Amino acid sequence: QHKDAYQVILDGVKGGAKEKRLAAQFIPKFFKHFPELADSAINAQLDLCEDEDVSIRRQAIKELPQFATGDNLPRVADILTQLLQSDDSAEFNLVNNALLSIFKMDAKGTLGGLFSQILQGEDIVRERAIKFLSTKLKTLPEEVMTKEVEEFILTESKKVLEDVTGEEFVLFMKILSGLKSLQTVNGRQQLVELVAEQADLEQTFNPSDPDCVDRILQCTRQAVPLFSKNVHSSKFVTYFCEHVLPNLGSLTTPVEGLDIQLEVLKLLAEMSSFCGDMEKLESNLKKLFDKLLEYMPLPPEEAENGENAGNEEPKLQFSYVECLLYSFHQLGRKLPDFLTAKLNAEKLKDFKIRRVLQYFARGLQVYIRQLRLALQGKTGEALKTEENKIKVVALKITNNINVLIKDLFHIPPSYKSTVTLSWKPVQKADASQKRTSEDTTSSSPPKKASAGPKRDARQIYNPPSGKYSSNLGSFSYEQRGGFRGGRGRGWGGRGNRSRGRIY
C-alpha cells in the first residue's frame, strides 16, 4: 500500500532544490514501511548526501541514522565513516553525531563499518576514522562499551596494527589503553606484548637509520606507562642494554633539535625500575657501568699522556649521569655483589677509577652548594623565572646523583636509597610504585605521557664559575612530553587498498 507514493518521493532526488529537501526528510521518515524498497531508499538518500547544495547535504546526513535498522546498520556506519572526509565543519559535526547515535543502537555493527574503512578506505577516511575512535570511544557510556565490544575493538585493532604508520600506532595505543578491560594487570601485559611486537625487538638495530631509531623510541614511549611491578620491562631493558647503549654515540633521529642520547637514557632509566629477571644481568650491568664511567672525566692531576691538558675543565653531563646511575642502581639491586665480585675486583681496587668517582663526587658537591646559594631565599614568583626554573631542575638532578653515588661508595656498595627521577612529578612516581595485582584503575598511558612539559622545551644551563663548575654543568635538560605526528616513515606503506566510493 502507498508503494507508488513512496517511489514518487524517491524520484524526488532527481528534481529541483525544493523536491530534494522534501525527499531528504520523507525518505527516512517512511523508510521502515517499505522494506522491499530499502536499497533504493538508501541509495536515494546517499545521492542527497553528495548534492551540490550544502543545506540538502546536511539534511540528508542528519537523517541517515534512521536507516540504521537490522542488517542495514553496518552499511550506514560504513557510509558515515566515508563521509568523515567532508571539509565542511558543520557537515563533519553532523557525521560525528550520526555515528555516535548509531553507536548507541549497535556498537559492534558501527565498529564494523569504521574498521572496514580503516582497513580498506582512502587515506583521508582512514585517518579520520582512527581519530574518531581515539576521541569518541572514551565518551561512550559503559552500557555501550561492554566487554564484548571492547574485545571486538582489540581484535580489529590487531589487524590494523599489522600495517600502520608511527602516528597511527600512537593513536591506536591511546584507543586500546583507554579500554576498561585492558586496564587490569593482564590487560597491560597484553598491551606491552603488542608494543614489543610493533617494536620488532628481534630486528638488527641500525643506529644510523633514523626510522629504525624512531620506531624503537616511539614504541618504548608507549610501553613505559604500562610497566609496573607486575608488568615487567625486562625485554625492553635488555634490548636497550645490548643494542642501543653500545651505539649511543652514533644514534640518528629525524626530529630536529632532539637530544637523542638523553632521550634514550631517560627511557632506559624509567624502565629500569620495573625490570624483572634478566638472562644476561651481569653482562648488561657491565655495559651500564662502563657507559657511566665514560661520563666521569679524569681528574686533572691524574690525567695521563696529556689528557685534559691545558687547564680546560671537563664538561659534566649531569642529565646523562643521572639516567645511567639510576639505571645501574636499579639493576644493581638484582646482583648486589656485582661491584665486589671477583670479576670486578680489579675495577674496585683500581686507584684511577676510585679517583674518577671521587673527583666527580667532589665537583658535584661544589655545584650543589652553588645552586643552593643561587636559589636561597627565592620563593613564589622569583622561582618562576626561566633561569631559576632551570636551576631548580639542575638541583634535583645533582641531588639525585649525590644520593645514588653515595650508595656506591659504601663498602660493600649499597642499593637501598630511593630517588624520584628529576623530570618525574614526585606524587606520580610514588603512585606508580603502589600498583598491585588487583590494580584496575591505574592511569592510562595517554594521561601519563602528557604529565610533563613537552620535550621541545630544551634548556641549557651554564652554572656559576668556580673550581669545579666553570664548565661543569653545561648539560641539556629536556622534558619528554607527547609525540610528534607524521613520523611513521619506514613503518610500512599499508599495502594497496581499494579507492573510491564503495557504498
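Quantities reported herein were computed from a predicted structural model and do not represent experimental measurements.

J.: When you look at the environment of Lys 286 in this model, what are you seeing that I'm missing?
T.: By the element assignment, Lys 286 lies in helix H15 (residues 281-294). Using a relative accessible area of 42% as the deciding quantity, one classes Lys 286 as partly exposed. It is 9.3 Å that separates the C-alpha atoms of Lys 286 and Leu 339, two residues lying 53 residues apart in sequence.

J.: How do you make sense of the nonpolar core when you look at a structure like this?
T.: Here is a general trend for soluble globular proteins: nonpolar side chains tend to be buried in one another's company. One finds Ile 27, Ile 153 and Phe 236 to be the most contacted residues of the largest nonpolar core, which totals 145 residues. Those residues within four positions of Ile 153 in sequence are excluded, and the remaining contacts are Leu 111, Phe 115, Leu 137, Met 145, Ile 175, Leu 176 and Leu 179.

J.: Just to check I follow, could you spell out the packing of helix H7 (residues 107-120) against helix H9 (residues 147-160) for this structure?
T.: The description of two helices packed together rests on the angle between their axes and the distance between the axes. Where H7 meets H9, the closest approach of the two axes is 11 Å, and the angle between their N-to-C directions is 10°. Viewed along their axes, H7 and H9 adopt a mutual orientation that is roughly parallel. Every residue of H9 that contacts H7 at Ala 107, Lys 108, Leu 111, Gly 112, Phe 115, Ile 118 and Leu 119 is listed here: Glu 148, Val 149, Phe 152, Ile 153, Glu 156, Ser 157, Lys 159 and Val 160.

J.: Just checking my understanding: could you explain the state of the cysteines for this structure?
T.: Linking two cysteines covalently through their sulfur atoms gives a disulfide. This structure, assessed with the given rule, holds zero disulfides. With no disulfide partner, Cys 241 has as its closest neighbouring cysteine sulfur the one in Cys 275, 7.7 Å distant. A residue is classified by how much of its surface remains accessible, and Cys 241, at 0% relative accessible area, is buried.

J.: Hey, could you run me through the environment of Val 160 in this one?
T.: Mapped onto the secondary structure, Val 160 falls in helix H9. In this structure Val 160 comes out as buried when scored by relative accessible area, which is 2%. Each C-alpha atom of the pair Val 160 and Phe 172 lies 9.0 Å from the other, and the pair is 12 residues apart in sequence. The residues contacting Val 160, other than those within four sequence positions of it, are Phe 115, Ile 118, Leu 119, Arg 126 and Phe 172.

J.: Just to check I follow, could you spell out H9 for this structure?
T.: Every α-helical turn comprises 3.6 residues, leaving residues that sit three or four positions apart pointing alike. Here H9 is 14 residues long and its end C-alpha atoms lie 20 Å apart, about the 20 Å a rise of 1.5 Å per residue gives. Every buried residue of H9 is accounted for by Val 149, Glu 150, Ile 153, Leu 154, Glu 156, Ser 157 and Val 160.

J.: In this structure, what is going on with helix H11 (residues 185-199)? I would like to understand it.
T.: Given a rise of 1.5 Å per residue, 15 residues ought to cover 21 Å, and the 21 Å separating the end C-alpha atoms of H11 matches this to within 8%. All of the buried residues along H11 are Val 185, Gly 187, Arg 188, Leu 191, Val 192, Leu 194, Val 195, Ala 196, Gln 198 and Ala 199. Contacts from the buried residues of H11 go to H9, helix H10 (166-177), helix H12 (210-223) and helix H13 (234-244).

J.: Whenever I open this one, the pattern of salt bridges confuses me. Can you help?
T.: Within this structure, the stated rule accounts for 18 salt bridges. A salt bridge links Arg 21 to Asp 53, with the shortest nitrogen-to-oxygen separation between them at 3.2 Å. On the criterion of sequence distance, the pair formed by Arg 21 in helix H2 (residues 17-29) and Asp 53 in the loop between helix H3 (38-49) and helix H4 (54-63) is long-range, its members being 32 residues apart. The residue Lys 180 makes a salt bridge to Glu 142 at a minimum N-O spacing of 3.6 Å. Here Lys 180, found in the loop between H10 and H11, pairs with Glu 142, found in the loop between helix H8 (123-136) and H9; they are 38 residues apart in sequence, far enough to count as distant. Given a relative accessible area of 57%, Glu 142 falls into the exposed group.

J.: Would you mind going over the confidence of the model for the protein with me for this structure?
T.: Low pLDDT marks stretches whose predicted atomic positions should not be read closely. Here the protein shows a mean pLDDT of 81. Residues at 70 or above account for 79%. In the predicted structure, residues 428-503 sits below a pLDDT of 50 and forms 207 contacts with residues beyond four places in sequence or in another chain.

J.: Would you explain unusual backbone geometry in this entry?
T.: What is expected of a backbone is that most residues other than glycine have negative phi and most peptide bonds are trans. With phi around 55°, Asp 200 is a residue other than glycine that occupies positive phi space. Look at Asp 200 and you get partly exposed, because its relative accessible area is 35%.

Conventions we followed
Residues numbered from 1 in each chain as written. Predicted model: local features only at pLDDT ≥ 70, side-chain atom pairs only at ≥ 80, totals over all residues. Heavy atoms only, no water. Helix = DSSP H or I, 4+ residues; strand = E, 2+ residues; numbered from the N terminus. Buried < 20%, exposed > 50% of the residue type's maximum accessible area, 1.4 Å probe, protein only. Core = buried A, V, L, I, M, F, W, Y, C linked by side-chain atoms within 4.5 Å. Contact = heavy atoms within 4.5 Å. Axes fitted to C-alpha atoms, helices over the stretch in contact; angles between N-to-C directions. Parallel < 35°, antiparallel > 145°, perpendicular 65-115°, else oblique. Disulfide = S-S within 2.5 Å. Expected span 1.5 Å × (residues − 1). Salt bridge = Lys/Arg side-chain N within 4 Å of Asp/Glu carboxyl O. pLDDT = per-residue confidence, 0-100.

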